[in-house]
Amino acid sequence: MSEVHKKYMQLAIKEAEKALVDGVLPVGAIVVGDGKVVGRGRRRAGDHPYLDHAEIGAMREALQTASNSTEGPMLTLYSTLEPCLMCFATALNTRRIGNIIYAVEDPYGGGTSLPQSVLTPRYKEWYPKAQGGVMREEVIKLLRKFFMATNDPYWANPENPLRKLAENR
């Protein structure tokens, strides 16, 4: 495991810990460009739980000062959980995210394994590289804490694949 990836994943984990304190699924994300953190995000307990994803927040912050063009530094998205289809599609659409590094694969909603061959031409041109498993065990521990404490019926379901992964069942 690259020390650089570990360094930045630790920052994403800090964001995930904040989400855990808020009582939501502990997912944290950061975006790095030119060796600097340019965006941070965490899962939120806001009005839009299906839209308030850590990766969306981090990419939004990173791109706020960037133009809509593809010019500028290549960005890397670090997330504690494999990005879902919405977040992966957003990374594709920005045309600035070249790498996605995540800790834990999401057997329930992960989207980074979407085959490039099924995409339309616009999205085939820009396809970020994805790598999982960076600091996986540390993030599994956070997920376990969440699943042990949550009363949310969506996450409390013992058959939820992400819960099963976290609980090693």
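See the structure printed just above.
One structure accompanies this document, and this report is about it. (Residues numbered from 1 in each chain as written. Predicted model: local features only at pLDDT ≥ 70, side-chain atom pairs only at ≥ 80, totals over all residues. Heavy atoms only, no water.)

### Brief notes about the packing of helix H2 (residues 54–63) against helix H3 (residues 85–94)
Where H2 meets H3, the closest approach of the two axes is 9 Å, and the angle between their N-to-C directions is 20°. The angle between H2 and H3 places the two elements in the roughly parallel class. In the crossing of H2 with H3, the sense of the turn from one axis to the other is left-handed. Counting all contacts with H2, which are made through Glu55, Ile56, Met59 and Leu63, the residues of H3 involved are Met86, Cys87, Thr90, Ala91 and Thr94. Grouping the amino acids of the contact of H2 with H3 by side-chain chemistry returns six nonpolar, two polar and one charged. (Axes fitted to C-alpha atoms, helices over the stretch in contact; angles between N-to-C directions. Helix = DSSP H or I, 4+ residues; strand = E, 2+ residues; numbered from the N terminus. Parallel < 35°, antiparallel > 145°, perpendicular 65-115°, else oblique. Left-handed = near helix turned anticlockwise from the far one by under 90°. Contact = heavy atoms within 4.5 Å. Nonpolar A, V, L, I, M, F, W, Y, C, P; charged D, E, K, R; others polar.)

### Examining the sheet that holds strand S2 (residues 36–42)
Ordered in space as S2-S1-S3-S4-S5, the five strands form an open sheet in which the pairing is mixed. Pairing within the sheet leaves two strands with one partner each, and these edge strands are S2 and strand S5 (129–131). With direction set aside, neighbouring strand axes in the sheet form an average angle of 15°. With six bridges joining them, strand S1 (residues 28–33) and S2 adopt antiparallel strand pairing. (Pairing = 2+ DSSP bridges.)

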